[in-house]
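Architecture and fold: a report
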Amino acid sequence: MIKILFICHGNICRSPMAEFVFKDMLEKENLADYFHVESAATSTEELGNPVHYGTARILDRLGIDYSRKRARQMNRKDYQEYDYLIGMDHWNMRNMNRFADGDPDGKLFMLLSFTDRPGEVADPWYTGNFEETYRDVVEGCEGFLRFLREEGKI
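Thoughts on the pattern of salt bridges
Taken as a whole and assessed by the stated rule, the structure comprises 13 salt bridges. Where Asp-123 meets Arg-14, a salt bridge forms, and the shortest distance between an N and an O atom there is 3.4 Å. Remark: Arg-14 occurs in helix α1 (residues 14–28) and Asp-123 occurs in the loop between β4 (108–110) and α5 (124–127); sequence separation between them is 109 residues. With respect to burial, Asp-123 and Arg-14 carry one shared label: buried. Arg-149 is the partner of Glu-29 in a salt bridge, and the nearest nitrogen-oxygen pair spans 2.2 Å. Placement of Glu-29 in the loop between α1 and β2 (35–41) and of Arg-149 in helix α6 (residues 130–150) is noted, with a sequence separation of 120 residues between them. For Glu-29, a relative accessible area of 38% puts it in the partly exposed group. The class for Arg-149 is partly exposed, based on a relative accessible area of 40%. One connected set of salt bridges, linked through shared partners, spans Arg-14, Asp-89 and Asp-123.

Observations regarding helix α4 (residues 90–99)
Those residues of α4 that fall on the buried side of the exposure criterion are Asn-92, Met-93, Asn-95, Met-96 and Phe-99. In an axial view of α4, the angular spread of the buried residues amounts to 170 degrees, which keeps them on one side of the axis. A distance of 3.1 Å separates the backbone nitrogen of Trp-91 from a side-chain oxygen at the start of α4, and that oxygen is part of Asp-89. Just past α4, the residue Asp-101 takes up positive phi, approximately 50 degrees.

Looking at α6
Compared with an ideal rise of 1.5 Å per residue, which puts 21 residues at 30 Å, α6 spans 30 Å between its outermost C-alpha atoms and is within 8% of the ideal. For α6, the full list of buried residues reads Phe-130, Thr-133, Tyr-134, Asp-136, Val-137, Val-138, Gly-140, Cys-141, Gly-143, Phe-144, Leu-145 and Leu-148. Among the structural elements, β1 (2–8), α1, β2, α2 (53–62), β3 (84–87) and α5 are those in contact with the buried residues of α6. Immediately beyond the C-terminal end of α6, within one or two residues, lies Gly-152, with a positive phi of roughly 75 degrees.

Comments concerning the packing of aromatic side chains
With the rule as written, the count across this model stands at 11 aromatic pairs. Considering the side-chain rings of Phe-114 and Phe-147, the 5.0 Å spacing of their centres and the 50 degrees angle between planes classify their relative orientation as tilted. In this pair, Phe-114 sits in the loop between β4 and α5 while Phe-147 sits in helix α6, placing the two residues 33 residues apart along the sequence. Here the aromatic cluster, defined as three or more aromatic residues joined through ring pairs, consists of Phe-6, Phe-22, Phe-35, Tyr-84, Phe-109, Phe-114, Phe-144 and Phe-147. Of note, Arg-61 hangs over the ring of Tyr-134, and the distance from its end group to the ring centre comes to 5.9 Å. In this structure, Lys-107 is placed above the aromatic ring of Tyr-79, and the distance from its NZ or CZ to the ring centre is 5.0 Å.

Digging into unusual backbone geometry
Look at Asn-11: it is not a glycine, yet its phi comes out positive at around 65 degrees. Take Asn-11: it is sitting in the loop between β1 and α1. For Asn-11, a relative accessible area of 1% translates into the label buried. Although it is not a glycine, Asp-101 adopts a positive phi angle of roughly 50 degrees. Tracing the backbone through its elements, the reader meets Asp-101 in the loop between α4 and β4. Residue classification places Asp-101 among the exposed positions, given a relative accessible area of 59%.

Definitions and limits used
- Residues numbered from 1 in each chain as written.
- Predicted model: local features only at pLDDT ≥ 70, side-chain atom pairs only at ≥ 80, totals over all residues.
- Heavy atoms only, no water.
- Salt bridge = Lys/Arg side-chain N within 4 Å of Asp/Glu carboxyl O.
- Helix = DSSP H or I, 4+ residues; strand = E, 2+ residues; numbered from the N terminus.
- Buried < 20%, exposed > 50% of the residue type's maximum accessible area, 1.4 Å probe, protein only.
- Arc of directions from axis to C-beta.
- Polar contact = N/O pair within 3.5 Å; in protein donor to acceptor, adjacent residues only side chain to side chain.
- Expected span 1.5 Å × (residues − 1).
- Contact = heavy atoms within 4.5 Å.
- Phe/Tyr/Trp six-rings, centres within 6.5 Å; stacked < 30°, edge-to-face > 60°.
- Lys NZ or Arg CZ within 6 Å of the ring centre and 35° of its normal.

The structure is reproduced here in structure tokens:
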């Protein structure tokens, strides 16, 4: 079982979008049984809150259920339990490194590092552009799946 944790600042926009888009990709490729996928925040600001309405609108449009998701914070135990911890931007990565005591096992990645245009997934909380974030998330998730195949993980 490959365990993946997608991480952003509040766990209401980008990381839950990545969690549920990736789960949907896995379902469509009959790979879901080989993965455990969740998402978390680096901050405490949104703990317990549901998915942001902008992300919810996109997931609703796609017919993807996210109804049980509530924001939670990453913790040190997550670093031990997950194989891949995937952040959305450099600020997330800095905070993730603190939780992971510097990433001694090389488990921390940025989502767009799996694409031809590495960089940050813009936070739609600030930009208001959930569609752009969705396109980045899809591209990053597709790239991550390709990476796992190339590495012989699936």
